[in-house]
Structure formats: structure tokens, C-alpha cells
Amino acid sequence: MADVKVIDVYKSYGKVPVLKGLNFDIENGEFFVLLGSSGSGKSTTLNILAGLDTMDSGKILFDNNAVNQLSPVERGVAMVFQNYALYPHMTVFKNMAFPLKMLNYKKESIIRIVNEVAKTLDITTLLDRYPRELSGGQAQRIALGRALVRDPKIFLLDEPLSNLDANIRSKIRNELKLMQEELNRTFIYVTHDQMEAMSLGDHIGILHNGLLEQYGKPIDIYNNPVNEYIATFLGDPEMNMLSCRKNGNIYEGECSIQFKLNSEDKNITLGVRPENIYLHKQNDDDIEGKIVPKISELLGSRTLIIGMAGSDKEIKIITEESDISIGKEIPVYFNLNKCHVFNEKGDNINK
Ligand SMILES: Nc1ncnc2c1ncn2[C@@H]1O[C@H](COP(=O)(O)OP(=O)(O)OP(=O)(O)O)[C@@H](O)[C@H]1O
């Protein structure tokens, strides 16, 4: 049984359509990430799920029950925002106790629940502090704690890590994932950060133009993007896109490549990820291209090469080789099996 079902949700602000028939299911206890660029409608979707915003039409089911008419509290969801929204004049304890107080819990119950949650989150020593005395990571944990005290079925998280420094961010990210597994609750997490989505999500839904453009396990979307938009949105550095044109029975394209492909399309785009381009031939049927390396950047054990194919086409390659001469044309190799073929509409026609 799906925990959350979003069915044909439409939403406009004035004349501007934001959600144009959104559909997806989220399973009980999973970490679902809604990924999309700025303005794609992620927060709107989350607010509608929470009951903080209304939809124009559509249906939302929690455990197969329609929640359209229910208030945020009645829905049993908890929302965690990027700015934590802690009350500055209250201690951590009082911040966490606040939602329970609003629900008229008895004092003893409040003390017991807050202490239990504080123990789970390892924040017992922070209970007497004020928000100004907390680091960003600690404040984030308190914000989660405040959501946890109500024992919600579903957590809705709107870019909760975006105010944190890069190093603490990855630490809290890992903690969040562990916490979700331990709590075994459904997390719906909104972000525009594809790395965050890839590392956190059991499933990812990519929102684009008011629709869920692709849904799946992170690795499946990475390996089988349905179109050029998704292909370039996931992956850093992004997938190289080579324009190619059919000439007789072969395709010719950027990077001076030539290859055979069973397709009727006159113009196609060949997509190849930076890690799938090699400086030495791997297989007899590899496609050979030419680039002029412009920049070589050591990434640790691997090197990023930015090369030029023609005057204004950049090609990015991730290689384990470190001895790269800049400014001199070199051959590069990749295999059609590892490429994606996009038609003129941008759809992936590999499969
Ligand atoms: N209350 C509102 N009134 C009018 N337009 C709105 C309102 N809220 C959001 N929008 C518009 O709806 C679109 C989607 O906004 P939303 O905040 O859902 O996007 P988002 O994907 O969460 O973006 P971001 O990553 O920048 O937070 C945007 O174009 C935004 O300007």
C-alpha cells in the first residue's frame, strides 16, 4: 500500500500554471526526494501535501484516505524548513515542547516526550540553550526534534540543509539518512541539489515544467535519463552532448566523430558522460573523437580535462590518467553502448 498518492494535481497562481497534472506515489517508510530547479514548484507541492496551500484540482491520499479537506494537524505531517523557524526567545526545550503545548498535552507527557526525542537525536545537552547559542547543524537537529515530538507519519522537508556550510552539510545529510532509516518514517525531501538527491533518495522525482518528468531510483535515472533535460540535470560535470547528422549510412558529429547507428533520425544528439570518455582505446568498436585539452584539473585520484572540439564546444572528461599535455590535439575514445541517443525533440531513443 502506498503511503502517499498524488493524483492529477493542478495549481496556478493567477494565470501562471505551476503544477500541470502532477502524479506520483511514495511508499511507506521511504526517503523520497523531489528534485527540481528553482521555481519548478517543489515548495508548492510540499505546501499542498502539508495542507498549507490549496490545489486547484486533484487528489492527495495518505494511506488510501483522501486528505484534501484535512487541516495540517489532522494530516499527521510535520514540516521542516530551511530557516529552521526556531523561536529565538525560547530555549531548545521550549521550542521542542511548543507543538505539544499547542495540542494541550499534559506537562508530564511533554517532559517525557521531549526528553525521549532529545535522546534519539543526541541533543540532551542542548536543551537549556537558546537558538542563538547553536551552530547551524545543531539548530537543524532541533528543528527536526520539534517535528519529531508530534510523532508524525510523514516528514516534509523543504531544503533543510541549504543554510549549512558544505562540510557540516554532508555530515548532517548522512545523519538525516540514518535517522530516517532508524525512525522508519516517510520522508519527503525537497531540494534543487542533485548530489543531495542522489545520495539521500530511495526514489527521486524530478519536477520540470509543472510535471514529474522522471521518477525512479537515483542510479536508474542516472543511467537511463528519459530526455536531454534529465540527462544534463543529473551528473557533475554534466553529460557531454554532441550534435550529429546522418550522412549516407553513417552519423558525423562534433569532436570529429563518425559512427554507425540503426536510426531513421537525420539529426541526433549523442550524450556521453565525462567518466565514459577515455584517452586510450578500450574496445575495437570504440568511436574515436578529437579534442584539444585546455585545462587539466586534479580532483584527487582522478583528473578533470576540459577540452575543445572546434572553437566553442567544450568536452569534459574524467580520467585516471594524470599526464595530459595541454594545447595539443589528442584522440579520445568512447563506446556507443555507454552513450545516450536523443532525437530532435530531446527524447532518449536508446531503448
Ligand atoms: N504565493 C504565490 N503567489 C504567486 N506565485 C507564486 C506563489 N508561490 C510560488 N509562486 C510561483 O510559483 C512557481 C513555483 O514556486 P515554488 O516556490 O513552488 O518553486 P520551487 O521549486 O520551490 O523553487 P525554489 O527552489 O526557488 O524554492 C514560481 O514561479 C513562483 O514564483
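The chain is annotated in an unreviewed UniProt entry as ABC-type sugar transporter, ATPase component of Ferroplasma acidiphilum. UniProt annotates the chain under Subcellular location (unreviewed entry) with the comment "Cell membrane".

Q: I'd like a rundown of unusual backbone geometry, residues and numbers included.
A: Of all residues except glycine, most have a negative phi; of all peptide bonds, most are trans. In this structure, P237 follows D236 across a cis peptide bond, with omega equal to 0°. Within the secondary structure, P237 is located in the loop between α9 (228–233) and β11 (240–247). Positive phi is not limited to glycine here, since D151 has a value of about 50°. When you line up the elements, D151 lands in the loop between α5 (136–148) and β7 (154–158).

Q: Let's hear about the nonpolar core: which residues, and what values?
A: Membership of the largest hydrophobic core comes to 46 residues, with the highest contact counts inside it found for M96, V114, I142, L157, Y189 and I206. Non-local contacts of I206, meaning those with residues more than four positions away in its chain, are made with L35, L211, L212, E213, Q214, I221, Y229, I230, F233 and L234. Judged by nonpolar contacts, the second largest core, of 26 residues, contains V4, V6, L46 and V67.

Q: Any chance you could break down the domain arrangement of the chain for me, citing the residues and the numbers?
A: Each assigned domain of the chain is listed with its residue range as follows: domain 1 (4–232) and domain 2 (240–342). Placing the centre of domain 1 and that of domain 2 at their C-alpha centroids yields a distance of 40 Å. Of the roughly 620 Å² buried where domain 1 meets domain 2, counting both sides, 55% is carbon and sulfur surface. Broken down residue by residue, the surface that domain 1 buries against domain 2 is led by Y222, E228 and A231, which jointly contribute 71%. Of all the secondary-structure elements, those providing two or more residues to the side of domain 1 that touches domain 2 are α8 (218–223) and α9. In terms of residue count, α9 provides more of the side of domain 1 that touches domain 2 than any other element does, three residues in total. Taken together, the residues of the side of domain 1 that touches domain 2 break down into three nonpolar, four polar and one charged.

Q: Break down the sheet that holds strand β18 (residues 330–334) for me, citing the residues and quoting the values.
A: What the four strands build is an open sheet, ordered β17-β16-β15-β18; its pairing is antiparallel. Since the sheet does not close on itself, it has two edges, and those belong to β17 (314–319) and β18, each with one partner. For this sheet, the mean inter-axis angle between neighbouring strands, taken without regard to orientation, is 50°.

Q: Go over the state of the cysteines with me, naming the residues and quoting the values.
A: Counted by the stated rule, this structure contains zero disulfides. Between C255, a free cysteine, and C244, which holds the nearest cysteine sulfur, the sulfur-to-sulfur gap is 9.4 Å. You can call C255 buried: its relative accessible area is 6%. Considering cysteine sulfurs only, C244 is the nearest to C339, which forms no disulfide, with 8.9 Å between them. According to the relative accessible area criterion, C339 is buried, its value standing at 3%.

Q: Tell me what's going on with the site of the ligand, and back it up with residues and numbers.
A: Surrounding the ligand, one finds Y13, V18, S37, S38, G39, S40, G41, K42, S43, T44 and E159. In this structure, S38 approaches the ligand through a side-chain N or O atom, which is 2.6 Å from an oxygen atom. At a separation of 3.1 Å, an oxygen atom of the ligand approaches a polar backbone atom of S40. Tallying contributions element by element places helix α1 (residues 42–50) first for the shell around the ligand, with three residues. Here the shell around the ligand is built from residues that sort into two nonpolar, seven polar and two charged.

Q: Explain α1 to me, using residue names and the numbers behind them.
A: Because each turn of an α-helix spans 3.6 residues, side chains separated by three or four positions in sequence point in the same direction. With respect to burial, α1 is a largely interior element, seven of its nine residues being buried. Of all the positions in α1, only K42, T44, T45, L46, I48, L49 and A50 are classed as buried. Looking one or two residues past α1, G51 carries a phi angle of roughly 90°, positive in sign.

Rules of the game
- Residues numbered from 1 in each chain as written.
- Predicted model: local features only at pLDDT ≥ 70, side-chain atom pairs only at ≥ 80, totals over all residues.
- Heavy atoms only, no water.
- UniProt positions renumbered as here; feature names shortened; annotations may be inferred.
- Helix = DSSP H or I, 4+ residues; strand = E, 2+ residues; numbered from the N terminus.
- Core = buried A, V, L, I, M, F, W, Y, C linked by side-chain atoms within 4.5 Å.
- Buried < 20%, exposed > 50% of the residue type's maximum accessible area, 1.4 Å probe, protein only.
- Contact = heavy atoms within 4.5 Å.
- Domains from an automatic or database assignment.
- Buried area = accessible area lost by both parts, 1.4 Å probe.
- Nonpolar A, V, L, I, M, F, W, Y, C, P; charged D, E, K, R; others polar.
- Pairing = 2+ DSSP bridges.
- Axes fitted to C-alpha atoms, helices over the stretch in contact; angles between N-to-C directions.
- Disulfide = S-S within 2.5 Å.
- Near = heavy atom within 4 Å.
- Polar contact = N/O pair within 3.5 Å; in protein donor to acceptor, adjacent residues only side chain to side chain.

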